[in-house]
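For reference, the chains in residue letters:
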Amino acid sequence: MLEHRDCAEIDEMLPAYAMGALDDADRVRVDSHLVSCDRHEDAFAWGEVALRLADLAPEVTPPEVLRERILAIPSGPPVPVAAPVEIVEPAPEPIRVEVPPAPVADSETSAASLPIPVPARQHRLPYALAAVFAALTVLFGAWTAILLTGGGEEGEPMLVAENVADGLSAKAMFMADESVIVVKFDGLTSLPEGSAYQLWATEPGGDATSAGMLEVTGGSALASMEHADPPEGWTFAVTIEPAGGSATPTNDPVVAVTF
Amino acid sequence: MTDSAMSVDPRGNDSEALLERFRARDEAALADLYDLMGARAYGLAFRVLRDGSAAEDVVQNAFATLWEQADRLDAGRGSIQGLLLTIVHRRAIDAARTRQRALARSGTLEVDPPDGGPTPAEAVAATEEAQERSREVRAALEVLPDTQRQVVMLAYFEGMSQQDIASSLDVPLGTVKSRLRLAMQRLRYEFSTAETETALDQAATSSVDADVDAAEGSDPGEGSGTAEDGAAHA
């Protein structure tokens, strides 16, 4: 779990948070703080102020297809389409994916045609994460944290990686000053009963290791883990697995991001 | 929730009713919310992203989020319309920043907004209600010094972080933070004052109406007073 800043400091950041004017690192800090601290009722009031500004945006008639897409939401979203990934090593090597930096995606040719091989053997646990993923935490438990935005300037992440495609996005940050990796996923859709999102971490040259199950709230999931060194070359990928998780990935990643 | 995000449509879809229908997983509520808010949500996303395709994705994602989280909706935390717009704004900023970073990595400078968005002809003619909401916000913004107003607009509609704004304006980060904080405090005061005045106006109008009704319903011989008289008596 991220270490919380003092409430006074969080309060100071709330107006900018509501405006979406914080950088990603501080936004994560505020989000995580608001989830676990109930002393910031003002967050909602600042959100209301920011919301009024939406009235300045002119209404625009959306394309008709958008209505169709939205009306299709209750009938169950299709299986999430993966970000474009490129397999570096074929089976039976461990999962290693490279994620193009630019969000160029083709829903017809992404996950379905780019299967990630599932290693037949049990993956070893990377030493760097042996005791670390116990800290896997879903931070978006509070509605306010989902609805409001924020961020700051101190504590700039040392490494940032992201990947966006077809409405799914993955963003990973390593914050050196706190020795923590934060991975955030957006656009995750509801899964049928009996299925769940599972997070996997793969260090360079290593095997995919379960980093725990993701709890999706509002299409978003956030996980954090302590990590001493810059995770250069690490990949974080999400797959759909049976509820309770799998020892190794049994499906293609729906989204992945590589530092 | 502010009036700006509250709407009542002819079918009785006021905010609370709509929210309850979402909680009850009434699929028709999704269509009603879209019909009610689709143009506003899309307009907001497009204003931030200036990319029609990206704006569509953002709006769809926001609706999906509301639907998935319907059982967690709480009328005490604001109207469903307001929640929708807040999510749309957040997602739009995320998308805008992601795009900017991708462009920065590729060494491409974004000179013109991406194509694929609506033309001016597709913009919906603003209703009187929308015009009034916009007027109120503009009036509040006009109270701000230019420097504070600039920071507000860059943050909210350009999706710029405080650091981005500081770099763009070539001013210290602390200055941007101060400007934004002061601006938000002033806007909060202005919006609050405006709401109070509106409430007082409505109360006065109700009082006048009540007096008129009372006068019309009384003995004709006593009903010669005007509405203004009634207001004065009230």
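What you see is a predicted model, and the numbers here were worked out from it, not measured in a lab. (Residues numbered from 1 in each chain as written. Chains lettered and ligands numbered in written order. Predicted model: local features only at pLDDT ≥ 70, side-chain atom pairs only at ≥ 80, totals over all residues. Heavy atoms only, no water.)

**Some points on the overall build of chain B**
A tally of helices and strands in chain B yields nine helices and zero strands. Going residue by residue from the N terminus, the α and β elements of chain B occur as α-α-α-α-α-α-α-α-α. Relative to its 234 residues, chain B shows a buried fraction of 43%. Across chain B, every contact between residues at least 6 apart in sequence was considered, and the portion connecting residues at least 24 apart equals 64%. Surface exposure of chain B reaches about 11400 Å², of which carbon and sulfur atoms provide 50%. (Helix = DSSP H or I, 4+ residues; strand = E, 2+ residues; numbered from the N terminus. Buried < 20%, exposed > 50% of the residue type's maximum accessible area, 1.4 Å probe, protein only. Contact = heavy atoms within 4.5 Å. Areas by Shrake-Rupley, 256 points an atom, 1.4 Å probe, with all protein chains shown as cover.)

**Brief notes about the packing of aromatic side chains**
Under the definition given, this model contains six aromatic pairs over all chains. Here B:Tyr156 and B:Phe157 contribute two aromatic rings whose centre-to-centre distance is 4.9 Å and whose plane-to-plane angle is 85°, an arrangement assigned as edge-to-face. The residues B:Tyr156 and B:Phe157 share a single accessibility class, namely buried. Among the aromatic residues, those joined into a ring-pair cluster are A:Trp234, A:Phe236 and A:Phe259. Over the face of the ring belonging to B:Phe191 we find A:Arg52, whose NZ or CZ atom lies 4.6 Å from the ring centre. Across from the ring centre of B:Trp67, 5.3 Å away, lies the NZ or CZ of B:Arg25, which sits over that ring. (Phe/Tyr/Trp six-rings, centres within 6.5 Å; stacked < 30°, edge-to-face > 60°. Lys NZ or Arg CZ within 6 Å of the ring centre and 35° of its normal.)

**With respect to the interface of chain A and chain B**
With 73 residues of chain A at the contact, the number on the chain B side is 77 residues. Summing the contributions of chain A and of chain B, the shared interface buries around 6700 Å²; its carbon and sulfur component is 59%. Joining chain A to chain B, the criterion identifies 11 salt bridges. Here B:Asp57 makes a salt bridge to A:Arg69, at a shortest N to O gap of 2.8 Å. Across the chain A-chain B interface, the total number found is 14 residue pairs in polar contact (both at pLDDT 80 or more). Among the secondary structure elements, those contributing two or more residues to the side of chain A that touches chain B are α1 (7–19), α2 (24–36), α3 (42–52), α4 (64–71), α5 (143–147), β3 (159–165) and β5 (180–186) of chain A. Here the side of chain A that touches chain B gets nine residues from one element, more than from any other, and that element is α3(A). Residues of the side of chain A that touches chain B, tallied by class, amount to 40 nonpolar, 14 polar and 19 charged. (Buried area = accessible area lost by both parts, 1.4 Å probe. Salt bridge = Lys/Arg side-chain N within 4 Å of Asp/Glu carboxyl O. Polar contact = N/O pair within 3.5 Å; in protein donor to acceptor, adjacent residues only side chain to side chain. Nonpolar A, V, L, I, M, F, W, Y, C, P; charged D, E, K, R; others polar.)

**Some details on α1(A)**
Side chains of residues three or four places apart in an α-helix project in the same direction, reflecting 3.6 residues per turn. Residues and elements named next belong to chain A. In a regular helix each residue adds 1.5 Å, so 13 residues correspond to 18 Å; α1 covers 19 Å between its end C-alpha atoms and thus fits that length. For α1, the principal kink sits at methionine 13 and spans about 45°; a proline, proline 15, occurs within the next four residues. Listing the buried residues of α1 in full gives Cys7, Ile10, Met13, Leu14, Pro15, Ala16, Tyr17, Ala18 and Met19. Count one or two residues on from α1 and you reach glycine 20, which has phi positive near 75°. (Expected span 1.5 Å × (residues − 1). Bend = angle between axes of the 7 residues up to and from the residue.)

**Overview of the nonpolar core**
Ranked by size, the top nonpolar core spans 78 residues in total, and within it A:Met19, B:Phe22, B:Leu33, B:Phe63, B:Leu66, B:Leu84 and B:Val152 carry the most contacts. A per-element tally of this core places helix α2 (residues 27–49) of chain B first, with 12 residues. Ignoring any residue separated from it by four or fewer positions in sequence, one finds B:Phe22 in contact with B:Ala29, B:Leu30, B:Leu33, B:Leu66, B:Trp67, B:Ala70, B:Leu73 and B:Ile80. Counting 25 residues, the second-largest nonpolar core is a separate cluster that includes A:Leu199, A:Leu214, A:Ile240 and A:Val254. (Core = buried A, V, L, I, M, F, W, Y, C linked by side-chain atoms within 4.5 Å.)

**As for the sheet that holds strand β10 (residues 253–258) of chain A**
Residues and elements named next belong to chain A. Taken together, four strands build an open sheet; the order of strands is β7-β6-β9-β10 and the sheet is antiparallel. In this open sheet, the two strands that pair with only one neighbour each are β7 (208–214) and β10. Neighbour-to-neighbour, the strand axes of this sheet turn through a mean angle of 30°, independent of strand direction. Of the pairings in the sheet, the one linking strand β6 (residues 195–202) to β7 comprises six bridges and is antiparallel in character. Paired with tryptophan 200 across the bridge in β7 is serine 210. (Pairing = 2+ DSSP bridges. Axes fitted to C-alpha atoms, helices over the stretch in contact; angles between N-to-C directions.)

**Re the pattern of salt bridges**
Per the stated rule, a full pass over the model turns up 23 salt bridges over all chains. Across the salt bridge formed by A:Arg52 and A:Asp55, the nearest N and O atoms sit 3.7 Å from each other. Each member of the pair, A:Arg52 as well as A:Asp55, is classed as buried. One network of salt bridges, in which partners are shared, links A:Arg52, A:Asp55, A:Glu59, B:Arg40, B:Glu129, B:Arg133 and B:Glu136.

**Let's talk about the confidence of the model for chain A**
Residues and elements named next belong to chain A. Chain-level pLDDT for chain A is 67 on average; 62% of the residues reach the 70-or-more range. Looking at the elements of chain A, mean pLDDT is at its lowest for strand β1 (residues 86–87), recorded as 28, and at its highest for α4, recorded as 93. Low pLDDT, under 50, characterises residues 1–5; the stretch is placed with 22 contacts to residues that sit more than four places away or in other chains. Low confidence marks residues 77–156, where pLDDT is under 50. Its contacts with residues over four positions away, or in another chain, come to 235 contacts. (pLDDT = per-residue confidence, 0-100.)

**Some words on the environment of A:Ala247**
Residues and elements named next belong to chain A. Take alanine 247: it is sitting in the loop between β9 (235–242) and β10. For alanine 247, a relative accessible area of 45% puts it in the partly exposed group. Taking the C-alpha atoms as reference points, alanine 247 and alanine 208, separated by 39 residues in sequence, lie 9.7 Å from one another.

**Digging into the packing of α4(A) against α2(B)**
Geometrically, a packed helix pair is captured by the angle between its two axes and the distance between the axes. Relative orientation of the contacting elements α4(A) and α2(B) amounts to 135°, with a least axis distance of 11 Å. Taken together, α4(A) and α2(B) sit at an angle that is classed as oblique. Judged by the sense of rotation from one axis to the other, the crossing of α4(A) with α2(B) is right-handed. Contact with α4(A), carried on its side by A:Leu66, A:Arg67, A:Ile70 and A:Leu71, involves B:Leu30, B:Ala31, B:Tyr34, B:Asp35 and B:Tyr42 of α2(B) and no other residues of that element. (Parallel < 35°, antiparallel > 145°, perpendicular 65-115°, else oblique. Left-handed = near helix turned anticlockwise from the far one by under 90°.)

**A word on the environment of B:Phe46**
By the element assignment, B:Phe46 lies in helix α2. When the C-alpha positions of B:Phe46 and B:Phe157 are compared, they lie 9.7 Å apart, and in sequence the two are 111 residues distant.

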